[in-house]
Amino acid sequence: MNSWNLLWLETRAEWLKAWRQPAFAIPTLVLPLAFYALFGIVLARPGGGNEAYLMATYGVFASLGPALFAFGAGIAHERDAGQLALKQVTPLPVPLYLGAKLLTCMGFTGLVLLALYALAAWAGGVVLPRVTWLQLALVHLLAAVPVGLLGLVVGLSFGASAAMGVTNLVFLGLAVLGGLWIPVFLFPGWMQALSQAMPSYHLAELALAVSGRDITGSALGHGAAALGFTLAFAAAVAWAWRRAHR
Amino acid sequence: MRTVSTPSKPPHAAPPVHGLGLVRRYGAVTALAGVDLDIQAGRVTTLLGPNGAGKSTLVGLVLGRLRADAGTLQVGGHAPGSLAARRLTGAMLQAAALAPQLTVHEHVALQSGYYPDARPLADTLALAGLQDLAKRRYEALSGGQQRRAQFALAMCGRPRLLVLDEPTAGLDADSRRALWQAVRTLADEGAAVLLTTHLLDEADALADRVVLLANGRVAADGTPGEIRSRVAARSLRCLTALPLAQLRALPGVTAAEPRGRHVALRTLAAEETLRALLAADPSLAELEVTGTSLEDAVLDLLHKEAA
């Protein structure tokens, strides 16, 4: 069996695992939508000109849930249950195992994004050219990669209950300091400095740049920062994986 | 000229497991203190020993889940835990589980895809006795059925090395016997089976070879018959009024333990012991003399090891 085939089968299994746990999957899907509906639609000033802004940042927010909770904290649970130990002795190449998890995570993010875009277009008054929608979708989908890797680092480094706590903290940090709920330019100076250290901040700026907003710094710079975070998290996953072996 | 088709599997030069002078420490505790282990194809090798003897550590080394502090170890000529070694290995771990949301069929199909030369799915299910449970989710299986599903995953890839760590823990008598039979079939197909157990009847029923571990060393290594014959002792069982201390002082007696209403004696000189016993206790009743069971032999060997 070639690697692509194996990746497909493994991803399918991961997808079924996530999908057949509705108590886990549904909150992950609904939470970002509920947040967006509340802050982006119900409480937003109509005609304030910020419709696209909110959707760009909430799209990044939508990628946090599946990546951190379903797959990060999820792997900690699998490890505690003894599922990971059994996987580690099978001849499944490690990159395929983790790749399948990331792809599934992106799949879930894609579902949330579809619902979010529909909500934004119909009820949120967001009007964008078709190309911009597609570019935005690309940024939002790819955002799941660094965040998913970060989730795996947490999941591989802590036991299930500790991982849940740490994940909540990471989730909050990425959402608040990344400027996904409140724009970063409203923060005091020291908080703005902290934002620079959040991958979510750079991802949000990228999404804003794509949606035609003026941003602080260059899109290229934020892209490079996001890539840097991705590589650093990937290295951290490799390290955590070896440690999780025992 | 016609070409002769070569057999589908090339002859394997490297032994399934080849280990020399294996040492593993946990802080100040030495779990393995220099163990040599070679495992042959087509045979069931059983690691036997009390808790803490080093069985699980040795299995951890073979699977590449632990690293040895000293010594060399190869699995089919490859480093343990490497992808090449894992392709030759199937394993059933002690405290393991499968994803509860997937069905037995989904699990076996997925795992079979990992191996280059997997067994047909229907054969795997039949060998593990799971034909009727294929569509059931793992979470809906009983404890024993879950163990069988784990066994199916361990052997679905036709591994050259099958590692079974306490495979029958939690199984009822029927399931245990069925699993023994399946293990036998796999060994007859040519797999090298490495099995840990603390159940002596399991070792006696299944093993071609018993490796007895005690305190991180190999205390004995041979067929169950050889292990038994290394201990010339016999067992006596009787109903007697004599206190244990007096029984232990009888000629030839190495051990005396209460067994319900009876007392069990181990002796190296059955006739002398009997004569002395009958003389000392005229009320002696329900006397029974038996040969050495594997359990008795192992206990004697462990006793010697500790002395």
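Residues numbered from 1 in each chain as written. Chains lettered and ligands numbered in written order. Predicted model: local features only at pLDDT ≥ 70, side-chain atom pairs only at ≥ 80, totals over all residues.

Draft legend 1. How the structure looks around the overall build of chain B. Each helix and strand counted, chain B has eleven helices and 13 strands in total. Overall, chain B is about 80 × 55 × 45 Å in size when its C-alpha atoms are taken along their principal axes. Excluding contacts between residues fewer than 6 apart, the proportion of contacts in chain B whose partners are at least 24 apart in sequence is 67%. (Helix = DSSP H or I, 4+ residues; strand = E, 2+ residues; numbered from the N terminus. Contact = placed C-beta atoms within 7 Å.)

Draft legend 2. Representation of the nonpolar core in the model. If you look at the biggest cluster of nonpolar residues, it comprises 153 residues, and the most contacted ones within it are Ala207(A), Ala152(B), Val193(B) and Leu194(B). Here the element with the most residues in this core is helix 3 (residues 51-81) of chain A; it accounts for 17 residues. Those residues within four positions of Val193(B) in sequence are excluded, and the remaining contacts are Val44(B), Thr45(B), Leu162(B), Leu164(B), Val183(B), Leu186(B) and Ala187(B). In terms of nonpolar packing, the next biggest core, distinct from the first, is built from nine residues, Leu247(B), Ala256(B), Leu265(B) and Leu277(B) among them. (Core = buried A, V, L, I, M, F, W, Y, C linked by C-beta atoms within 7 Å. Buried ≥ 20, exposed ≤ 12 C-beta atoms within 10 Å, placed from the backbone.)

Draft legend 3. Layout of the pairing of strand 10 (residues 234-239) of chain B. Residues and elements named next belong to chain B. Residues Arg 234, Leu 236 and Cys 238 point to one face of strand 10 and are all buried, whereas Ser 235, Arg 237 and Leu 239, pointing to the other face, are not buried. Examined bridge by bridge, strand 10 and strand 12 (residues 262-267) share five bridges and lie antiparallel to one another. In the sheet register, Arg 237 faces strand 12, and the bridge partner there is Ala 264. Here strand 10 runs beside strand 13 (residues 285-290); their pairing, made up of four bridges, is antiparallel. Residue pairing in the sheet places Leu 236 in a bridge with Val 289 of strand 13. (Pairing = 2+ DSSP bridges.)

Draft legend 4. Seen up close, the domain arrangement of chain B. Its domain assignment divides chain B into domain 1 (17-228) and domain 2 (232-291). Inter-centroid distance (C-alpha atoms) of domain 1 of chain B to domain 2 of chain B is 40 Å. (Domains from an automatic or database assignment.)

Draft legend 5. Spotlight on the packing of helix 1 (residues 3-19) of chain A against helix 5 (residues 94-122) of chain A. All names here are of chain A. Axis separation between helix 1 and helix 5 bottoms out at 8 Å; the angle between their running directions is 55°. The angle between the axes of helix 1 and helix 5 places the two elements in the oblique class. Considering how the two elements wind past one another, helix 1 and helix 5 form a crossing that is right-handed. Residue-level contacts link Ser 3, Leu 6, Leu 7, Glu 10, Thr 11, Glu 14, Trp 15 and Ala 18 of helix 1 to Leu 96, Tyr 97, Gly 99, Ala 100, Lys 101, Leu 103, Thr 104, Gly 107 and Phe 108 of helix 5. Of the residues assigned to the contact of helix 1 with helix 5, the class counts are nine nonpolar, five polar and three charged. (Axes fitted to C-alpha atoms, helices over the stretch in contact; angles between N-to-C directions. Parallel < 35°, antiparallel > 145°, perpendicular 65-115°, else oblique. Left-handed = near helix turned anticlockwise from the far one by under 90°. Nonpolar A, V, L, I, M, F, W, Y, C, P; charged D, E, K, R; others polar.)

Draft legend 6. Seen up close, the interface of chain B and chain A. Between chain B and chain A, the residue contacts involve 22 residues of the former and 20 residues of the latter. Among the secondary structure elements, those contributing two or more residues to the side of chain B that touches chain A are helix 2 (83-87), strand 5 (89-92) and helix 3 (104-114) of chain B. The element contributing the most residues to the side of chain B that touches chain A is helix 3 of chain B, with five residues. The residue makeup of the side of chain B that touches chain A, split by class, is 14 nonpolar, four polar and four charged.

Draft legend 7. Up close: the sheet that holds strand 5 of chain B. All names here are of chain B. Here we have six strands laid out as an open sheet, ordered 5-6-7-3-8-9, and mixed in their pairing. On the outer flanks of this sheet lie strand 5 and strand 9 (217-222), each paired with one strand and no other. The mean angle between the axes of side-by-side strands here comes to 15°, regardless of whether they run parallel or antiparallel. One ladder, built from four bridges, connects strand 5 with strand 6 (residues 161-165); its direction is parallel. Directly across from Thr 89, in strand 6, lies its bridge partner Leu 161. Helix-sheet contacts for helix 1 (residues 55-62) involve strand 3 (44-48), strand 6, strand 7 (192-197) and strand 8 (209-214), and the interaxial angle to strand 6 is about 145°. Lying over the sheet, helix 5 (residues 143-155) contacts strand 5 and strand 6, oriented at roughly 170° with respect to strand 5.

Draft legend 8. Representation of helix 1 of chain A within the structure. Helix length check: helix 1 of chain A (17 residues) gives 24 Å between terminal C-alpha atoms against 24 Å at 1.5 Å per residue, within 8%. Every buried residue of helix 1 of chain A is accounted for by Leu6(A), Leu9(A), Glu10(A), Ala13(A), Glu14(A), Lys17(A) and Ala18(A). (Expected span 1.5 Å × (residues − 1).)

Draft legend 9. Examining the sheet that holds strand 11 (residues 253-259) of chain B more closely. All names here are of chain B. Taken together, four strands build an open sheet; the order of strands is 11-12-10-13 and the sheet is antiparallel. The open sheet has two edge strands, strand 11 and strand 13, and neither has a second partner. Neighbour-to-neighbour, the strand axes of the sheet open up by a mean angle of 15°, direction not taken into account.

Draft legend 10. Representation of helix 1 of chain B within the structure. Residue and element names in this part refer to chain B. For helix 1, a buried count of seven out of eight residues is recorded, marking the element as mostly surrounded by other parts of the structure. The complete set of buried residues in helix 1 reads Lys 55, Thr 57, Leu 58, Val 59, Gly 60, Leu 61 and Val 62. Note on helix 1: the residue one or two positions beyond its end, Gly 64, has a positive phi of about 80°.

Draft legend 11. Quick look at the packing of helix 2 (residues 22-42) of chain A against helix 5 of chain A. All names here are of chain A. Where helix 2 contacts helix 5, the axes come no closer than 9 Å and their chain directions differ by 25°. Between helix 2 and helix 5, the angle falls in the class roughly parallel. Note on packing geometry: the crossing formed by helix 2 with helix 5 is right-handed. Of the residues in helix 5, those touching helix 2 at Thr 28, Leu 29, Pro 32, Leu 33, Tyr 36 and Ala 37 are Phe 108, Leu 111, Val 112, Ala 115, Leu 116 and Leu 119. Counted by class, the contact of helix 2 with helix 5 contains eleven nonpolar, one polar and no charged residues.

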